[in-house]
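# Inside the fold
What follows is each chain in one-letter form.
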Amino acid sequence: MFRVITAGLRAHAARLVASTIAIVIAVGFVVATLTIGATTRSTVLEAVGARYVSADVVVTGIQDPAGLDADVAGLPGVGAVDLATSTSVQAVVPGRSGAQFLLVDSVAEDPALRWQQLAEGALPDRPGEVAVSERVGADVGDVLTVATYDEEGREDASQATVVGVVDLGGDPSAGINGRAFVTPEQVAAWGGLGPSELRIAAADGTDPDSLVADVRAALADRDVEVRTGEEQAEQEAASVTGDAEILTTVLLVFGAVALLVAGLVIANTFAVLLAQRTRELALLRCIGATSRQVRRSVLAEAAATGLGASVLGVGAGIGLAVLASALVGTDSPVPLAGVEVPLSAVVLGLVVGTGTTLLAALAPARAATRIAPLAALRPLDPAPLRSRGGLLRLAAGLLLLVPGVLLMAGGVVGGEILFSVGGGALSFLGVVLLAQRAVPPVVAAAGRLVRSGGVTARLAGGNATRNPRRTAATATALLIGVTLTTAMVVGAASTRATAQAELTAQYPTDVVVTGNTEDGVPASLAERLAAVDGVRAAAGLQAGGVTGPDGYEGWTLGVDPAAAAGVLRSTGDLPLPAEGTAVLPWWTVEGWGVEDGGRVTLTGDDGPRTFTVALGDTDYPLLTVGDLTALDPDAVADTVWLRLDDGVDPAAVVDEVTDVAGSIVPTAAVTGLASERAALDEVLDVLLLVVTGLLGVAVLIALIGVGNTLALSVVERRQENGLLRALGLTRGQVRGLLAWEATLVAGVAAVLGVVLGAGYGLVGVASLLGDQGELVLSFPWLQVGAIVVVATVAGLLASVLPARRAARTPPVAALAA
Amino acid sequence: MSAPVPVMTIPGEPPPAADAVRATGLTRTYGRGATAVHALAGVDVAFTRGAFTAIMGPSGSGKSTLMHCLAGLDTPTGGQVFLGDTELTRLRDDQLTKLRRERIGFVFQSFNLLPVLDARENIVLPMQLAGRRPDPAWFDAVVARLGLRDRLRHRPSELSGGQQQRVAVARALLSRPDVVFADEPTGNLDSRSGAEVLDLLRSSVRETGQTVVMVTHDPAAAAYADRVVLLADGRLAGEIDRPTADSVLSALRGLGA
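Everything in this summary refers to the structure shown in the same document.

About the thresholds
- Residues numbered from 1 in each chain as written.
- Chains lettered and ligands numbered in written order.
- Predicted model: local features only at pLDDT ≥ 70, side-chain atom pairs only at ≥ 80, totals over all residues.
- Heavy atoms only, no water.
- Core = buried A, V, L, I, M, F, W, Y, C linked by side-chain atoms within 4.5 Å.
- Buried < 20%, exposed > 50% of the residue type's maximum accessible area, 1.4 Å probe, protein only.
- Helix = DSSP H or I, 4+ residues; strand = E, 2+ residues; numbered from the N terminus.
- Domains from an automatic or database assignment.
- Contact = heavy atoms within 4.5 Å.
- Arc of directions from axis to C-beta.
- Polar contact = N/O pair within 3.5 Å; in protein donor to acceptor, adjacent residues only side chain to side chain.
- Patch = residues over 30% accessible without salt bridge, like charges linked within 9 Å, V, L, I, M, F, W, Y side chains within 5 Å.
- Areas by Shrake-Rupley, 256 points an atom, 1.4 Å probe, with all protein chains shown as cover.
- Salt bridge = Lys/Arg side-chain N within 4 Å of Asp/Glu carboxyl O.
- Lys, Arg positive; Asp, Glu negative; His and termini not counted.
- Charge placed at Lys NZ, Arg CZ, Asp CG, Glu CD.
- Buried area = accessible area lost by both parts, 1.4 Å probe.
- Nonpolar A, V, L, I, M, F, W, Y, C, P; charged D, E, K, R; others polar.
- Pairing = 2+ DSSP bridges.
- Phe/Tyr/Trp six-rings, centres within 6.5 Å; stacked < 30°, edge-to-face > 60°.
- Lys NZ or Arg CZ within 6 Å of the ring centre and 35° of its normal.
- Axes fitted to C-alpha atoms, helices over the stretch in contact; angles between N-to-C directions.
- Parallel < 35°, antiparallel > 145°, perpendicular 65-115°, else oblique.
- Left-handed = near helix turned anticlockwise from the far one by under 90°.

Moving on, we get to the nonpolar core. Counting residues in each nonpolar core, the largest one holds 105 residues, and the members touching the most others are Val21(B), Leu66(B), Leu70(B), Leu125(B) and Phe181(B). In terms of residues, this core owes the most to one element, helix H23 (residues 731-769) of chain A, which gives 13 residues. Each of domain 1 (1-52 + 243-380) and domain 3 (454-507 + 674-817) of chain A contributes no fewer than three residues to this core. In contact with Leu125(B), other than residues within four places in its own chain, are Val455(A), Leu459(A), Leu724(A), Leu727(A), Leu114(B) and Leu117(B). Among the nonpolar cores identified, the runner-up in size contains 43 residues, and Ile123(B), Val143(B), Ala168(B) and Ala222(B) belong to it.

And the structure:
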């Protein structure tokens, strides 16, 4: 029997290509996902957690630093300690006007705890020296002019020489702010805040885990968090990138989808192969093979195919990951440096690929055992016109669908994404089961619709529903891919719309320029900035001193609501004041005892005035310019809000604005929130692209299935096609017949999939974002339409090869019984 | 039992038109070299317009191959085939296909009908493929004569073997083709249904001047024809005019069948 199997494999190698491709793609997908996931994790860990790589133990949540390092330094097994401190400064880089905001961190004194990777130069050894990140744009030897402000707001200027440039690697936040690294003394001199964390390096030969326990015991009464460096790094990484683990999990779900689709395709492929070999298998039975031997030979063939394809798939997956890593690099929302192939990925790929193939071959193998020996002597029977629908399948489908839909409804109402995911998975399994029943009637109905397309279309309509189970399996494979792709596209569109609405509400201004002087800025600053390329509008704000109900005079801003309305992207979180209204920061609720819509009394030079309160996301009370100058006639121009043109590179415009502002007001500080918005937008874009691409894989596999099914039809209908040719169907018409059939099946699957997918996408978004404020639904008609067209056209393409074969059927075939 | 055949020769007509189909020097070889099989080894034959001709011969005599070549289903290795004035052997596949659906009717031994179409749709299929509308009066006449009026909405799976074969005959007759080729049309039928089908073929010849060429190995079926052409080893081996079952049987015996 082994002989027969190997001979069979060799003889049918070409026919197994479709299954092999399906498995290679699915396994490659899973392996690539796992590999990229592992690589992303290690890259982010390396970048964000770089500072913890050298630290074996990290203490955070420090309230009272006094004596902390001494307490720890005395413990056995501690090699070195570093009490990390940080601050922020405004710095002017030579050759660029305008001050730049820099986050400043201390550099550990002990080399063992220094984590910074130097691109050039060295780390600072003494006050007056600074190492900067590449974003700062300074070179070694440059002298930075640094401005700091003490608690009273007095400016203090100092100078620092750049001694090194630090490479932050794949740190996603590296592009947002400039970073500076100085000695702890310098941090203190620049108004350092309390120490944020204590990093500890273990002495040689000390186990970090036991050291954590020791440190935890020693600091038990201090109410601090003690973690290993690795734990701390993972925590940081998770908070920076969202959660790499979740990303991998999500991708693996797609991998499972690809496998499911591949399974359906493989089951179909084996059905095709066995149908083509009915007589061969029957002959084997005739000459004495038992049905068990036939089944074993089929399964062994499946196992060999599955294993071979899985090996190829693992290779393809690793190759894909290497390619992705090379293309994406560290400069992206999913930073990849090198490739880390987990052994588990390889093993999982092999097991899952082979297992899926075997599982998918079970049903065809069982069917093969039912081939009667006499079949070898009979002509090939045409496929049965009707096959029994499984009542069990129907019941199981409904049992999954109904509770699944209810769970999803609950998820939407309660804003519980877990409910919705569970419900979605359940109901989709139900849909897949029910599709076996539901798809054929829909295809039949669609077939009646296209009857006007002539006699070939009518024949195709009939042919497409001749073997309902096979049609359903083919369509279901495609349906799964299309449904999920649509769900992602629709979900992403709404997520983006919601996120953008939230972001604009949170950061209504693209860029804020503040003068940082008591004397104010020239009134022309706003005009000058509005003239910068890429700036769409500017609104100047006045600032003055107004006394609140608590008796303290505070910084208060005055705005021209009409001008500001053209600058703010949203007034959702920051309402603009009207005459007689004061927009107050949230702290005034406690500090001044005010409430939204209530009254507040503000006192100026000419006495008190009463305002209606509106609460909003503002740092200082916000009045109209008229109200402010009425309270403080000495109010000066201070702040400019800018709105950038859409589609410009925010970083470049912000740099330009910084230069212009700096040349007019040397102390000006520029904060660009546009960059952050753009960065988030980019993350969504990339994620959507990646996910759509991955799901495209499922669709691709499904289309191979369409081609397979048609190939089977061609084999089964050889006589029939011969008859049609004899009766006058031209070769072109035969190809048209197959094309219509493919279009019907693919089109129905695509339309059903899009409808289902849109539903799932909206449900997902509603339950994911429903409880996080305003939900903005957006339906990407164009993309969804494109999915239908692409899936249908691809189905049409899948018919090309089988159609060519069918067209070659000689008319005499009808007579050769 | 066989009435005299009215041979319609009109003085002044060019002689080739008298033959619906004719072949000259027809050869058909399968394989090459030492393993080559000469299914047809040089056949010259003509089939008179408006006549019912049977092709007979033992198994492997090449009778089916001859019919396939005459009907444009198979391409001869050598020689010429004319359908009326059209030389089939010069036509490309698409032209042959169109010629088949417009000028030739077929009745096969089995698997004659498309399972997804009902009887009516099967009957009009070749004309639809050709983009022509059947003449309603003629359609009704054909359907009535074949006794299919009540069966037009039935799918092939709902029809008996004899009914299926009558649908196939109706299909072949509907377009009033130059020739109807029948390949063992009674091979899968019981004798009563077979006799019905043969009667229908013969009456279409008598009553409407239809040309019919039938391949059969059954002497009783051949007896329905006006003329029998005998084939052996890929060559013509004789002819019988106004055959009877007995004359055919003895002629076949003479061929060693």
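All names here are of chain B. Those residues of helix H4 (residues 136-145) that sit buried are Trp 138, Phe 139, Val 142 and Val 143. Along the long axis of H4, the arc covered by the buried residues comes to 130 degrees, so they all point the same way. Across H4 from its buried face, at more than 90 degrees, point the exposed residues Pro 136 and Ala 137. Residues of H4 that are buried make contact with helix H3 (119-129), helix H5 (161-174) and helix H6 (191-208). Near the N-terminus of H4, the side chain that reaches the backbone nitrogen of Ala 137, with its oxygen 3.1 Å away, is that of Asp 135. Of the residues trailing H4, Gly 147 is marked for its positive phi of about 65 degrees.

A cluster of basic side chains, namely Arg718(A), Arg735(A), Arg804(A), Arg805(A) and Arg808(A), defines a positive patch on the protein surface. Classification of Arg718(A) by relative accessible area gives partly exposed; the value is 46%.

This paragraph deals with the interface of chain A and chain B. Counting residues at the interface gives 26 residues for chain A, matched by 27 residues for chain B. Taking both partners together, chain A and chain B bury about 2,400 Å²; carbon and sulfur atoms supply 67% of that area. The interface formed by chain A and chain B contains two salt bridges. A salt bridge links Arg725(A) to Asp93(B), with the nearest nitrogen and oxygen atoms 2.9 Å apart. Our enumeration of links across chain A and chain B arrives at seven residue pairs in polar contact (both at pLDDT 80 or more). Listing elements by their share of the side of chain A that touches chain B, those giving two or more residues are helix H14 (455-464), helix H22 (718-727) and H23 of chain A. A total of seven residues in the side of chain A that touches chain B trace back to one element, the largest contributor, which is H22(A). In the side of chain A that touches chain B, the residues fall into 14 nonpolar, six polar and six charged.

All names here are of chain A. Judged by side-chain polarity, Val 789, Val 793, Leu 797, Val 800 and Leu 801 come together as a nonpolar surface patch covering roughly 470 Å² of accessible area. Taken together, the elements giving at least two residues each to the nonpolar patch come down to helix H24 (781-798) and helix H25 (800-807). Relative to the helices and strands, Val 800 is located in helix H25.

This part is about the sheet that holds strand S4 (residues 78-83) of chain B. The four strands are arranged S2-S1-S4-S5 (chain B) in an open sheet whose pairing can be described as antiparallel. Each having just a single partner strand, strand S2 (37-48) and strand S5 (86-87) of chain B make up the two edges of the open sheet.

All names here are of chain B. Secondary-structure assignment places Phe 139 in helix H4. The buried category is assigned to Phe 139, whose relative accessible area is 7%. Separated by 16 residues in sequence, Phe 139 and Ile 123 have C-alpha atoms that sit 9.1 Å apart. Not counting residues up to four positions away in its chain, the partners in contact with Phe 139 are Arg 120, Ile 123, Val 124, Leu 152 and Leu 174.

Overall, the coordinates contain six aromatic pairs over all chains when judged by the stated rule. Note on Trp115(A) and Phe181(A): the rings are 5.7 Å apart at their centroids and 85 degrees apart in plane angle, and the pair reads as edge-to-face. With a gap of 66 residues between them, Trp115(A) in the loop between strand S4 (100-106) and strand S5 (117-121) and Phe181(A) in strand S9 (residues 178-182) connect regions that are remote in the sequence. Phe181(A) shares its class with Trp115(A); the two are buried. Three or more aromatic residues joined by ring pairs make a cluster, and in this case those are Phe106(B), Phe108(B) and Phe181(B). Residue placement shows Arg22(B) over the ring face of Phe82(B); its charged tip is 4.3 Å from the ring centre.

The next thing to look at is the pairing of strand S6 (residues 104-107) of chain B. Residues and elements named next belong to chain B. Of the two faces of S6, both are covered, the one formed by Ile 104 and Phe 106 as well as the one formed by Gly 105 and Val 107. Two elements, S6 and strand S7 (residues 179-183), share four bridges in a ladder whose sense is parallel. Paired with Gly 105 across the bridge in S7 is Val 180.

Take the side chain of Thr53(B) next. Following the sequence through the fold, Thr53(B) ends up in strand S3 (residues 52-56). Once residues within four sequence positions are removed from consideration, Thr53(B) is found in contact with Phe47(B), Val212(B), Val213(B), Met214(B), Ala225(B), Arg227(B) and Val229(B).

Running from amino to carboxyl end, H14(A) crosses H3(B) at an angle of 140 degrees, the nearest separation of the two axes being 10 Å. It follows that H14(A) is oblique to H3(B) by the angle criterion. Contacts from Val455(A), Arg458(A) and Leu459(A) in H14(A) reach Glu121(B), Leu125(B), Gln128(B) and Leu129(B) in H3(B). Here the residues of the contact of H14(A) with H3(B) sort into four nonpolar, one polar and two charged.

Attention now goes to the pairing of strand S14 (residues 553-559) of chain A. All names here are of chain A. In this structure, strand S13 (residues 535-547) lies alongside S14, joined through six bridges in antiparallel fashion. Paired with Gln 542 across the strands is Gly 558, a residue of S14. With antiparallel pairing between neighbouring strands as the criterion, S13 and S14 make up a hairpin whose turn holds five residues, including Gly 551 at a positive phi of roughly 90 degrees. The pairing of S14 with strand S18 (residues 622-624) spans three bridges and is classified as parallel.

The next subject is the packing of H3(B) against H5(B). Residue and element names in this part refer to chain B. The interhelical angle for the contact between H3 and H5, taken along N-to-C directions, is 30 degrees, at an axis separation of 8 Å. Taken together, the axis directions place H3 and H5 in an arrangement best described as roughly parallel. The handedness of the crossing between H3 and H5 is right-handed. Only Val 167, Ala 170, Arg 171 and Leu 174 of H5 make contact with H3, whose side of the interface consists of Ala 119, Asn 122, Ile 123, Val 124, Pro 126 and Met 127. A per-class count over the contact of H3 with H5 returns eight nonpolar, one polar and one charged.

What follows covers the side chain of Asp118(B). Residues and elements named next belong to chain B. Mapping Asp 118 onto the fold places it in the loop between S6 and H3. In terms of polar contacts, Asp 118 uses its side chain to reach the backbone amide nitrogen of Arg 120, at 3.3 Å. Side chain to side chain, Asp 118 and Arg 153 meet in a polar contact 2.7 Å long. Ignoring sequence-local partners within four residues, the contact set of Asp 118 consists of Leu 152, Arg 153, His 154 and Arg 155.

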